[in-house]
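Listed below are the residues making up each chain.
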Amino acid sequence: MRRKIIAVLTLGTLASLALSGCGAGKANDTKLTVWTNMSVEADTIQKYADEWAEANGYEVEIVHQSPSVQQFAQAVNSPDGPDAVVGIPNDQLADYVNAGLAAKVPDDLYHDEDFSEAAVQACYVGGSRYAAPLSVETTALFYNTDLVSQVPDTWEELVEQAAKDGGVSFDATSIYYDLGFVRACGGYIFQYENGAYDVSDIGLANEGAVKAYEFINDLCNEYHLLSADVTADIARSNFQNGQTAYFIGGPWDIDGFTSAGTNFGISRMPTFNGQPFVTPVGTQISFVSNKSSKQDKAWEMIMYLIDNGAMEMYESGDRIPAKLSDQTNETIQGNEYSKAFIAQINDGEPMPTVSEMGQLWGIHTNNIRSMWTGELTPAEAANNMVKQLEEAVALMNSGK
């Protein structure tokens, strides 16, 4: 079979295909068009798509594309439009589901218990599965081995140590990095139950969440470890240059630190408040277009890639497989960094897979800054967060 790798198709190109004479004809019944957001792994995806295609009498065209919902919605109306998407961040899934563009996963396609719990949770929207998990990533604790001989077991101990020697750096105005403190104390963003989030139940100002924000306030105003001007980039630079002993980062930071000659190790996050430290788990997920006439075949191809290509994708792009059996592979277990991230993934959870989550980022950052300047107490900042988020969600949903 002749192999095809397509670069990015513009929206205009897709529109012209839909209007052209050849595009107006009947779509090829034995061809799948699959969009992928992954660039480094595109060759590997095409390889396993071709293997599946040859065994099933199909042709699979892998298109490297970074789609928006609007772009995808227009493209699927073309006979040559995408049948599926492989490898997009799970936080985009709800938008496709809400737009009626994603098909539900067949009940018997895969077993949830075969994958990391956080990865499975990321595939549910409104109590139903709409995606299959491909790979997972999260943050963990980086430490400078020139400054740290042993990582403390708890955050409480770590902060006391860091305040005396070396420091710790991360963007603590962001809920992305603060989630673990909030969750360890019993707070939450939106209540999650039975595969669905209740966006009317916000847990960022309950007693536990306020306790977490008191600790985050102390990081700035008592221990003087953080300030509002420490962005994620500044925190990364401080650690890379040996100015801080600890840093919260992800697999994407490894190459930069290695190239810079930083001596570092990676550890599972210390506990906080006697509880595991929950970090956000990002999952690269795959879904099938609700408009495709070949949904069953598209799901088959996706599962073939997951079942057979995960390890090669790990080797080409350092993406940890979501499937538990792949995580025990000797290649992965022989990598101390990957082992640390897998341990942390087991303590993690996805950010809520609802469109309303997008309203929180700026609200959280602004209220943490106001808390740090003394304009708001931790309790006032937490209550203000919830009030502003409720108003933003109501406004967002008022047009539906």
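For the structure, see preceding data.
Residues numbered from 1 in each chain as written. Predicted model: local features only at pLDDT ≥ 70, side-chain atom pairs only at ≥ 80, totals over all residues. Heavy atoms only, no water.

Chemist: What's the story with the sheet that holds strand β9 (residues 168-169) in this structure? I'm lost.
Modeler: Whether parallel or antiparallel, the strands of a sheet pair through hydrogen bonds between backbone atoms. Overall, mixed pairing links the 4 strands, which are arranged β9-β12-β8-β13 in an open sheet. Across the chains shown, the open sheet's two edge strands, defined by having one partner strand only, are β9 and β13 (264-267). Strand direction decides the pairing type here: β9 and strand β12 (residues 246-249), joined by 2 bridges, are parallel. Residue pairing in the sheet places Val168 in a bridge with Tyr246 of β12. Helix-sheet contacts for helix α9 (residues 232-240) involve β8 (140-144), β9, β12 and β13, and the interaxial angle to β12 is about 135°. (Pairing = 2+ DSSP bridges. Helix = DSSP H or I, 4+ residues; strand = E, 2+ residues; numbered from the N terminus. Contact = heavy atoms within 4.5 Å. Axes fitted to C-alpha atoms, helices over the stretch in contact; angles between N-to-C directions.)

Chemist: Even after reading the chapter, I still don't get the packing of aromatic side chains, so can you show me in this structure?
Modeler: Centre-to-centre distance and the angle between the planes together describe a pair of aromatic rings. For the coordinates displayed, the defined rule picks out 27 aromatic pairs. Ring geometry for Tyr192 versus Tyr197: centroids 4.7 Å apart, planes at 50°, classification tilted. The interplanar angle of 20° and the centroid separation of 5.2 Å between the aromatic rings of Phe264 and Tyr337 together place this pair among those described as stacked. Note that Phe264 is positioned in strand β13 and Tyr337 in helix α14 (residues 336-345), a separation of 73 residues in sequence. By relative accessible area, Phe264 is classed as buried at 10%. What links up through ring pairs into an aromatic cluster is the set Trp155, Phe170, Tyr176, Tyr177, Phe181, Phe215, Phe272 and Phe277. Over the ring of Tyr110 we find Arg129; its NZ or CZ atom is 4.2 Å from the centre of that ring. (Phe/Tyr/Trp six-rings, centres within 6.5 Å; stacked < 30°, edge-to-face > 60°. Buried < 20%, exposed > 50% of the residue type's maximum accessible area, 1.4 Å probe, protein only. Lys NZ or Arg CZ within 6 Å of the ring centre and 35° of its normal.)

Chemist: Is there a simple way to explain the nonpolar core in this structure?
Modeler: Where a protein is soluble and globular, its nonpolar side chains tend to be buried together. Ranked by size, the top nonpolar core spans 71 residues in total, and within it Val60, Phe142, Phe287, Met301 and Ile302 carry the most contacts. No other element matches the 10 residues that helix α11 (residues 295-317) contributes to this core. Not counting the four nearest positions on each side in its chain, Ile302 is found in contact with Ala84, Val86, Ala132, Ser286, Phe287 and Val288. Counting residues in hydrophobic clusters, the runner-up holds 56 residues, among them Leu141, Leu225, Ala245 and Met385. (Core = buried A, V, L, I, M, F, W, Y, C linked by side-chain atoms within 4.5 Å.)

Chemist: I keep staring at the layout of surface pockets and nothing clicks. Help me out?
Modeler: One water molecule sets the probe size; rolling that probe over the atoms shows where empty space is left. What the largest pocket holds in volume is close to 360 Å³. In this structure, the largest pocket is lined by 17 residues; those nearest its centre are Pro251, Trp252, Ile254, Gly317 and Asp318. At the level of secondary structure, the elements contributing two or more residues to the lining of the largest pocket comprise β7 (132-137), α10 (254-260), α11 and α14. Residues belonging to the lining of the largest pocket are distributed by class as follows: 8 nonpolar, 5 polar and 4 charged. In this structure, the second largest pocket occupies an estimated 280 Å³ of space. Looking at the second largest pocket, it is lined by 15 residues, and the ones nearest its centre are Asn90, Asp91, Glu137, Tyr176 and Gly282. Counting residues per element, the lining of the second largest pocket draws most heavily on strand β14 (residues 282-288), which supplies 3 residues. A breakdown of the residues in the lining of the second largest pocket according to their chemical character gives 7 nonpolar, 5 polar and 3 charged. (1 Å grid on protein atoms, 1.4 Å probe; cavity = no way out; pocket = protein on both sides within 12 Å on 5 of 7 lines; lining within 4 Å. Points joined across faces, edges and corners; volume = space filled by probe spheres on them. Nonpolar A, V, L, I, M, F, W, Y, C, P; charged D, E, K, R; others polar.)

Chemist: Is there a simple way to think about unusual backbone geometry in this case?
Modeler: Glycine aside, residues mostly have negative phi, and peptide bonds are mostly found in the trans state. The backbone of His224 sits at a positive phi, close to 55°, despite the residue not being glycine. The phi torsion at Asn273 lies on the positive side, around 55°, for a residue other than glycine. Relative to the helices and strands, Asn273 resides in the loop between β13 and β14. Accessibility expressed as a relative area gives 30% for Asn273, which makes it partly exposed.

Chemist: When you look at helix α16 (residues 378-397) in this model, what are you seeing that I'm missing?
Modeler: For an α-helix the count is 3.6 residues per turn, leaving residues at separations of three or four pointing the same way. Spanning 20 residues, α16 covers 28 Å between terminal C-alpha atoms, matching the ideal 28 Å at 1.5 Å per step. Buried within α16 are the following residues: Pro378, Ala381, Ala382, Met385, Val386, Leu389, Ala392 and Val393. The arc that holds every buried residue of α16, seen down its axis, measures 135°, which confines them to one face. On its buried face, α16 sits against β10 (188-193), β11 (196-203), α8 (207-221) and α15 (360-372). (Expected span 1.5 Å × (residues − 1). Arc of directions from axis to C-beta.)

Chemist: Is there a simple way to explain the packing of α8 against α16 in this structure?
Modeler: Axes are the key here: two packed helices are described by the angle between their axes and the distance separating the axes. Direction vectors running N to C along α8 and α16 enclose 120°, while the axes themselves pass 9 Å from each other. One way to sum up the angle between α8 and α16 is to call them oblique. The hand of the α8/α16 crossing is right-handed. On α16, the residues that touch Val210, Tyr213, Glu214 and Asn217 of α8 are Pro378, Ala379, Ala382 and Met385. Each residue belonging to the contact of α8 with α16 can be placed in one class, and the counts come to 6 nonpolar, 1 polar and 1 charged. (Parallel < 35°, antiparallel > 145°, perpendicular 65-115°, else oblique. Left-handed = near helix turned anticlockwise from the far one by under 90°.)

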